[in-house]
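Descriptive analysis of the structure
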Amino acid sequence: MRWRCRITGIVQGVGFRPTLYRYAVEAGVTGFVGNDAEGVIVEIEGEEAALRRLIERLREAPPPLARIDAIAIETIPLKGESAFTIAASSHDTAKQAAVSPDVSLCEACLKEMRDPENRRYRYPFINCTDCGPRYTIVRTVPYDRPNTSMAKFTMCEACEAEYHDPMDRRYHAQPIACFDCGTQLSLMDSEGRALEGDAIEEAAKLLVEGKIVAVKGLGGFHLMCDATSEEAVARLRERKGRPDKPFAVMVKDMRTARRLARVQEREAALLQSKERPIVLLKKSGTTELAEGVAPGIDRIGLMLPYTPLHYLLFDHIARPLVATSANLSDEPIIKESGALIEKLGHVADAVLDHDRDILNACDDSVAQVVGDRVQWIRVARGVAPMTLPIASQEAILAVGAQQKNTIALSLQDAVILSPHVGDLGSLEAMAFFEETVATFGRLYDFRPQRVVCDLHPGYDTTRWALALAKKEGLKSTAVQHHHAHALAVMAEHGVHEEILAFVWDGTGYGEDGTVWGGEVLLCDAAGYRRVGHLRPFRLLGGERAVREPRRSALALLYEIFVEAVEELSLPTLDAFTPAEKGLLFQAWRKGMGSPLTTSMGRLFDAMASLLGIVHRVSYEGQSGMMLETLAAQEKAAQWLDGFALQESETGWVCDWEPVVRAIVGGKVGSPARFFIESLAEMVARLAARYPDRRIALCGGVFLNRTLMEACLRRLPAERLLLPERLPPGDGAIALGQLWYALHEKD
Ligand code: ZN
Ligand code: ZN
Ligand code: FE
């Protein structure tokens, strides 16, 4: 009997062919295995039982990095070869093969790198079929060396032998290299002049001296400095113009991680996973880290080394290192040393570079553990491109939102989500967005028949999508932002029935012209009904309110007390001059340049200002994290009934007035807790009114751990529908948009 099997999923560049070869040889069957642009093709010939066992074994023990989505088997005429062989890649079919994300250094390679007898002893670019770069070095598919940035390196004899030996663990490891034939390191100063000495040793020396070194990683450069040095961290902040936003820290090992943070079991597993994300942890209280690394908050983002170069660097410097993406604010991560020197020459004192080009830039992924669940905050290096098993008849491109942008495309049998593109707004960010669209078009031979975007007319992505649709004559669809948030969760879980979704975020364009962000929707893929929202208040000065929590706080006070605000004594009021207050009162009364909003993000801002924690912020989510930090220090809330629910023609109005009055009146001992627990209580009460609906919690506000834990305590687990592989924030919008378009009736 002879079978032809087509295997799809993540099956290329993950050691699939050699594994199959070994299994086939051991099973005593003949035939061949090959890659084509749609995945893996296997033909096997032998006793039916042997063929069946072979496929079973493959399903049970696929190569560690592979993910099999489907095996389609057909019986074909016998060919009677004498052996099993590995065929070269063919290039002629449509491109549907999933490109694997990059993978952190594996145990076997680490061991070799530490072995003085091994020919790759201390080689900073050691890798194998189970580890190393993937997405970041691929130009097009199939994933074969000539289609990667390794094309320019000619393999030496020893590497070539390993590359062609099906029994070797580097069989067809595309980035295979060694001292003799592969990527080399170099160290230079901030003007690009080569520096003397061993590059790694010298870089480590500079770091110990408090210098800032740009280090080329998998998806781009990090700016690194000694995380225990207050001066080094302050210098980095000053030069980068980044006053407060927390820096991620790379630590040598788990022991260091446990010293700097309280690491629970689930968090330890996440830190050590092959994805190696930055994990947000609770600070341990040690004074080892400079306060400037994550000022004013009780969280710290840690990650473990994930490239051989990182490990070698830590051989020379044991202390924790700030490892922040090298970019100018609002611009994408820099992937090439020329651009680094041009843009960040004034920030970095030295550059640790290498000559393996990064073709596709990719930031670090970020995650946290809430309760017992992993919550992704940013999906990028190690995790994306992400494949979701969602079929589609139509080639649809979803362009995502304006912030934390990602894009998504629908192929015949899968939806592909790009890594984090970032916040748009700058020319460079928009160029990176367009580059990402082009890259994915190339990697999946994808030409959209339809394009989906946000309903917000001011988003760059919306304008881009509409222009594309016009130019190419494509159909275009716009999806309301908060509906898309909810749909993303439904898409992840393949849920079709109507659900109750709490969608809380910073801002989104509402269909009534106001700025939404504290919404409760009853929705399915066809549409939504807004059944609840936060009581509206004014965004004093529009967008400026986003940077200044004091403005949201003042708006709430005006709503409740009007002119009598002046009789109160509050930190918020002290944060303004009398003239400012005069102007803002007029703006509030007349609504001038101050649209109404129902944004939960702004309500968090307002609370932070009312409590005197922060009146101006320099990064998104700052007020929420600072509130959490305060809440963690407070005793349990004494009074939870903080929100009033009122029925109106626009649904349940969630009124913040009782909370604000209680806080302003000094009636609660643990105000931050009181506010957050009251919110969760409100969620539970609304959820109880729709007992037969599943409950989604999404939008960036649900990254607030304290809020999430408070909600999880109150809601029935079997009704909960939470983001699993995707972030709750705008990084998931593209998937929600796609889900909408997939179900749209013409
Ligand atoms: Zn390896
Ligand atoms: Zn070599
Ligand atoms: Fe959003």
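Below: a short report on this structure.

Criteria and cut-off values
Chains are numbered independently. Their residues run from 1 in the order of the written sequence. Going through the entries in the order they are written, you letter the chains from A and number the ligands from 1. Two thresholds apply to this predicted model, a pLDDT of at least 70 for residue-level local features and 80 or more for giving and counting side-chain atom pairs, whereas whole-chain, interface and lining totals are computed over all residues. Heavy atoms from the whole structure form the basis of all side-chain values; hydrogens and water molecules are not counted. Coordinating N, O and S atoms are those within 2.8 Å of the metal (3.2 Å for Na, K and Ca), and as water is not part of the atoms, a site may appear to have fewer donors than expected. Four donors are marked tetrahedral only if all angles between them lie between 85 and 135 degrees, whereas four are marked square planar and six octahedral if opposite donors are more than 155 degrees apart and the other angles lie between 65 and 115; the remainder are marked irregular. Starting at the N terminus, helices and strands are each numbered in turn, a helix being any DSSP run of H or I of at least four residues and a strand any DSSP run of E of at least two. Each residue is placed in one exposure class: buried if its accessible area under a 1.4 Å probe, protein chains only, is under 20% of its type's maximum, exposed if it is over 50%, and partly exposed if it falls in between. For two strands to count as paired, DSSP must find a minimum of two bridges between them. Angles shown run from 0 to 180 degrees and are taken between the N-to-C directions of axes, each axis being a line fitted to C-alpha atoms and, for helices, limited to the stretch in contact. By definition, residues are in contact when any of their heavy atoms lie within 4.5 Å. Each angle gets one of four labels, with under 35 degrees taken as roughly parallel, over 145 as roughly antiparallel, 65 to 115 as roughly perpendicular, and the rest as oblique. Ten residues, namely Ala, Val, Leu, Ile, Met, Phe, Trp, Tyr, Cys and Pro, are considered nonpolar, four, namely Asp, Glu, Lys and Arg, are considered charged, and the remaining ones, Gly among them, are considered polar. Here a polar contact is recorded for every N or O atom pair within 3.5 Å, except that within protein the pair must consist of a potential hydrogen donor and a potential acceptor, and residues adjacent in sequence are included only if both atoms are side-chain atoms. Salt bridges are defined as contacts in which a side-chain nitrogen from Lys or Arg sits within 4 Å of a carboxyl oxygen from Asp or Glu. A clockwise turn of the near helix away from the far one marks a right-handed crossing, whereas an anticlockwise turn of less than a right angle marks a left-handed crossing. Here the expected length of a helix is defined as 1.5 Å per residue gap, with one fewer gap than residues. The pairing test for Phe, Tyr and Trp rings, Trp by its six-membered ring, is centres within 6.5 Å, and the orientation test on the planes gives stacked under 30 degrees, edge-to-face over 60, and tilted for anything in between. In our convention, an over-ring charge means Lys NZ or Arg CZ found within 6 Å of a ring centre and within 35 degrees of that ring's normal.

A separate point is the coordination of the iron ion (ligand 3). Around the iron ion (ligand 3), the protein supplies His 481 (NE2), His 485 (NE2), Asp 505 (OD) and Asp 730 (OD) as donor atoms, at distances of 2.0 to 2.2 Å. One way to put it: the four donor atoms around the iron ion (ligand 3) meet at angles of 85 to 170 degrees, and that makes the site irregular. Positions of the donor residues of the iron ion (ligand 3) along the chain correspond to the pattern H-x3-H-x19-D-x224-D. One end of the pair, Asp 505, is in strand β23 (residues 499–509); the other, Asp 730, is in the loop between β31 (720–721) and α23 (733–743), and 225 residues separate them in sequence. We note that Asp 505, like Asp 730, is buried.

In spatial order, the strands read β17-β20-β19-β18-β21-β22; together these six strands make up an open sheet with mixed pairing. Two strands close off the open sheet at either side, each with one partner strand: β17 (386–388) and β22 (475–479). Ignoring strand direction, the axes of neighbouring strands in this sheet form an average angle of 20 degrees. Two strands pair when backbone bridges link them, and β17 and strand β20 (residues 415–417) are joined in this way by three bridges, in the antiparallel orientation. Each residue of the ladder has a partner; that of Met 386, found in β20, is Leu 417. Relative to the sheet, helix α12 (residues 460–472) contacts β18 (396–398), β21 (450–454) and β22, its axis offset from that of β21 by approximately 160 degrees.

Glancing now at the packing of helix α20 (residues 657–664) against helix α21 (residues 671–688). In a packed pair of helices, the relevant descriptors are the angle between the two axes and the axis-to-axis distance. Where α20 contacts α21, the two axes come as close as 11 Å, and the packing angle between them is 170 degrees. Judged by the angle between their axes, α20 and α21 are roughly antiparallel. Along the contact surface, α20 presents Val 659, Ala 662 and Ile 663, while α21 presents Pro 671, Phe 674 and Phe 675. Partitioning the contact of α20 with α21 into residue classes produces six nonpolar, no polar and no charged.

Bringing the side chain of Glu 112 into the picture now. By secondary structure assignment, the location of Glu 112 is in helix α3 (residues 107–113). Of note is the side chain of Glu 112, whose polar atom sits 2.8 Å from the side chain of Arg 169.

In this section: the coordination of the zinc ion (ligand 1). Distances from the zinc ion (ligand 1) to its protein donors, namely Cys 106 (SG), Cys 109 (SG), Cys 128 (SG) and Cys 131 (SG), fall within the range 2.3 Å. Seen from the zinc ion (ligand 1), its four donor atoms lie at angles of 105 to 118 degrees, and the figure they make is tetrahedral. Taking the relative accessible area as the measure of exposure, Cys 109 reaches 0% and is therefore buried.

This part takes up the sheet that holds strand β3 (residues 39–45). The strands that make up a sheet are held in pairs by hydrogen bonds between backbone atoms, and each pair lies either parallel or antiparallel. Spatially, the five strands line up as an open sheet ordered β4-β1-β3-β2-β5, and their pairing is mixed. Looking along the sheet, the strands with just one partner apiece sit at the ends: β4 (67–76) and β5 (84–86). Each strand of the sheet is rotated relative to its neighbour by a mean of 15 degrees, with strand direction disregarded. Across seven bridges, strand β2 (residues 30–36) lies against β3 in antiparallel orientation. Bridge pairing in β3 places Phe 32 opposite Glu 43. Lying on the sheet, helix α2 (residues 48–60) is in contact with β1 (2–10), β3 and β4; it crosses β1 at an angle near 5 degrees.

The subject of this paragraph is the pattern of salt bridges. Taken as a whole and assessed by the stated rule, the structure comprises 57 salt bridges. Between Asp 315 and Arg 114 there is a salt bridge, with the nearest N and O atoms lying 3.0 Å from each other. Within this pair, whereas Asp 315 is found in helix α9 (residues 308–316), its partner Arg 114 is found in the loop between α3 and α4 (157–164), the two being separated by 201 residues in sequence. The salt bridge partner of Lys 404 is Glu 620, with a shortest N-O separation of 2.4 Å.

Among the seven residues of strand β25 (residues 528–534), five are classified as buried, and the element is accordingly described as predominantly covered. Bridging between strand β24 (residues 515–523) and β25 involves five bridges; their strand directions are antiparallel. Each residue of the ladder has a partner; that of Glu 519, found in β25, is His 533. Here β24 folds back onto β25, and the loop between the two strands holds four residues. In this structure, β25 lies alongside strand β29 (residues 651–655), joined through three bridges in parallel fashion. Residue pairing across strands places Leu 534 opposite Cys 654, the latter belonging to β29.

Before going further, it helps to examine unusual backbone geometry. Here Val 141 and Pro 142 are connected by a cis peptide whose omega angle stands at 0 degrees. As for its placement among the helices and strands, Pro 142 is situated in the loop between α3 and α4. Across the junction of Ala 384 and Pro 385, the peptide omega takes the value 5 degrees, indicating a cis bond. Along the chain, Pro 385 turns up in the loop between β16 (373–378) and β17. Phi is positive for Asp 330, which is not a glycine, with a value near 70 degrees. Mapping Asp 330 onto the fold places it in the loop between β13 (321–325) and α10 (337–344). Even without being a glycine, Asp 445 presents a positive backbone phi close to 45 degrees.

To continue, consider the environment of Glu 559. Looking at the element boundaries, Glu 559 is found in helix α15 (residues 549–561). Leave out the neighbours within four places in its chain, and Glu 559 touches Arg 535, Phe 537, Arg 538, Trp 588 and Trp 656.

Two elements in contact, helix α19 (residues 622–633) and α21, have axes whose closest approach is 7 Å; the angle formed by their N-to-C orientations is 110 degrees. It follows that α19 is roughly perpendicular to α21 by the angle criterion. Read as a crossing pair, α19 and α21 show a hand that is left-handed. In this structure, α19 uses Leu 627, Leu 630 and Ala 631 to contact α21, whose residues at the interface are Ala 672, Arg 673 and Phe 675. Partitioning the contact of α19 with α21 into residue classes produces five nonpolar, no polar and one charged.

Structural remark: α-helix, 3.6 residues per turn; residues separated by three or four positions point the same way. Taking 1.5 Å of rise per residue, twelve residues should cover 16 Å, and α19 covers 17 Å from first to last C-alpha, within 8% of that figure. The complete set of buried residues in α19 reads Gln 622, Ser 623, Gly 624, Met 626, Leu 627, Glu 628, Thr 629 and Ala 631. In the core, the buried residues of α19 are packed alongside β12 (299–303), α18 (600–610), α21 and α22 (705–714).

This next bit is on α23. Across the eleven residues of α23, nine count as buried, placing the element largely inside the fold. Inspection of α23 places Ile 733, Ala 734, Leu 735, Gly 736, Gln 737, Leu 738, Trp 739, Tyr 740 and Ala 741 among the buried residues, and these make up the whole buried set.

Next up on the list: the packing of aromatic side chains. Per the counting criterion, the structure on display carries 16 aromatic pairs. Here the aromatic rings of Trp 516 and Tyr 528 are separated by 6.5 Å at their centres, their planes lie at 85 degrees, and the arrangement is edge-to-face. With Trp 516 in strand β24 and Tyr 528 in strand β25, this pair connects stretches of sequence that are twelve residues apart. Taken together through their ring pairs, the aromatic side chains of Tyr 123, Phe 125 and Phe 179 make up a single cluster. Against the face of Trp 656 rests Arg 535, its NZ or CZ located 4.3 Å from the ring centre.

Let us look at the pairing of strand β11 (residues 278–283). One ladder, built from two bridges, connects strand β10 (residues 261–262) with β11; its direction is antiparallel. The residue bridging Arg 262 from the neighbouring strand is Lys 282, located in β11. Examined bridge by bridge, β11 and strand β15 (residues 366–370) share three bridges and lie parallel to one another. When the sheet's bridge partners are listed, Leu 280 is paired in β15 with Gln 368. Pairing between β11 and β12: four bridges, direction antiparallel. Residue Lys 282 lies in a different strand from β12, and its bridge partner there is Arg 299.

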